[in-house]
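Overview (structure and organization)
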Amino acid sequence: VVFLWVFFLGMEKVVVCPYKRPNALCRLICFPWAGGGTSQLAQWGKLFSSSVEVSSVRLPGRESRHKEPFAKDMATVVNEITSALLKELQEKPFAFFGHSFGSYISFAVALHLKEKYGLEPFHLFLSGAHAPHSEAFLPIKTVSISDTKDEDVLKYIEVLGGTPSELLQSEDIKEHLILTFREDLRVLQTLSFEKAERNIPFSCDITCFNGSEDKSHDVEAWHDLTSGDISFYELPGGHFYLLEPSNEIFLTKHITKCIENAGL
């Protein structure tokens, strides 16, 4: 009993699921962007039918985990998420949705699940991200985080959008957001993935989404990473196009269609 209690406590800490659906056919696990928490994507649960249970991953250093130290590298993040989710993912089919930084985490978790446990999402939904082995990803790895001034980080966050301006009025919130963003970028820089010759890691379908006014991402290179089908959609808006209600409706409807077509 104590073990179960500790297990569920650990899972609730790392994986947030406000709309529990024990009879759902599948699970959709969402991975938020750098500096982000679970508030937005966890709410997707109410937009899906009863056949889909939606969860969102919560990293240390934010929300109810704000007193915990930030993760130091991608391997730590991947191991913690895998430990929290493994039992659930063995029970029924699952898909991942990640935006920006969250796309890279979802990719790293999916890769780990496949290599270590032979488990694979039936669909990867990736948003606002380069393929991790592409040339376009390299500049992200070489940004010197420690040399970047706070005001430059803040300016970048403001340019990206996605953060309500009223939050940026509070010094404490602003400071914490800058710190969280820096730490998430530090984790992202530790993602190492070398595409081995003739090795295609996934067999699942992949869908890539991007904002039409966002910088272009090297999404074509995702073709190298799966033997499944791959499709691309551009939706109106910038990097945080997915926060627009009309785009949110498109995303949830499209994901639903993909789940229905998977014939679970």
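Summary of the structure given here. Because the structure is a prediction, the values reported are computed rather than measured.

Rules used in this analysis
Residues numbered from 1 in each chain as written. Predicted model: local features only at pLDDT ≥ 70, side-chain atom pairs only at ≥ 80, totals over all residues. Heavy atoms only, no water. Phe/Tyr/Trp six-rings, centres within 6.5 Å; stacked < 30°, edge-to-face > 60°. Helix = DSSP H or I, 4+ residues; strand = E, 2+ residues; numbered from the N terminus. Pairing = 2+ DSSP bridges. Contact = heavy atoms within 4.5 Å. Axes fitted to C-alpha atoms, helices over the stretch in contact; angles between N-to-C directions. Parallel < 35°, antiparallel > 145°, perpendicular 65-115°, else oblique. Nonpolar A, V, L, I, M, F, W, Y, C, P; charged D, E, K, R; others polar. Salt bridge = Lys/Arg side-chain N within 4 Å of Asp/Glu carboxyl O. Buried < 20%, exposed > 50% of the residue type's maximum accessible area, 1.4 Å probe, protein only. Expected span 1.5 Å × (residues − 1). Arc of directions from axis to C-beta.

Within the structure shown, the criterion is met by twelve aromatic pairs. With a centroid separation of 5.8 Å and 75° between ring planes, the pair formed by phenylalanine 107 and tryptophan 222 is classed as edge-to-face. Taken together, the positions of phenylalanine 107 in helix α4 (residues 101-117) and tryptophan 222 in the loop between β6 (205-211) and β7 (230-235) put the pair 115 residues apart, joining distant regions of the chain. Within the aromatic cluster, the residues linked to one another by ring pairs are Phe107, Phe193, Phe202 and Trp222.

Through backbone hydrogen bonds, the strands of a sheet pair up, either in parallel or in antiparallel fashion. If you trace the seven strands from one edge of the open sheet to the other, you get β1-β3-β2-β4-β5-β6-β7, paired in mixed fashion. The two strands at the open ends of the sheet, each matched to only one other strand, are β1 (15-16) and β7. Running over the sheet, helix α3 (residues 74-91) touches β1, β2 (26-31), β3 (52-57) and β4 (94-99) and is turned about 160° from β2.

Before going further, it helps to spend a moment on the packing of helix α6 (residues 150-160) against helix α7 (residues 171-188). Put simply, α6 and α7 touch, their axes get as near as 10 Å, and they point 90° apart. Taken together, the axes of α6 and α7 are roughly perpendicular relative to one another. On α7, the residues touching Asp150, Val153, Leu154, Tyr156, Ile157 and Leu160 of α6 are Lys174, Leu177, Ile178, Phe181 and Arg182. Partitioned by chemical class, the residues of the contact of α6 with α7 number eight nonpolar, no polar and three charged.

On to the pattern of salt bridges. Per the counting criterion, the structure on display carries 13 salt bridges. The residue glutamate 63 makes a salt bridge to arginine 58 at a minimum N-O spacing of 2.7 Å. The salt bridge involving glutamate 68 is made with arginine 65; its shortest N-O contact spans 2.7 Å. For arginine 65, a relative accessible area of 2% corresponds to the buried category.

With that settled, the discussion passes to helix α8 (residues 245-261). In a regular helix each residue adds 1.5 Å, so 17 residues correspond to 24 Å; α8 covers 24 Å between its end C-alpha atoms and thus fits that length. Listed as buried for α8 are Asn247, Glu248, Leu251, Thr252, His254, Ile255, Cys258 and Ile259. The buried residues of α8 occupy an angular sector of 165° when projected down its axis, which confines them to one face. Residues of α8 that are exposed and angled more than 90 degrees away from the buried face: Pro245, Ser246, Lys253, Glu260 and Asn261. Once α8 finishes, glycine 263 follows within two positions and takes phi at roughly 60°, a positive value.

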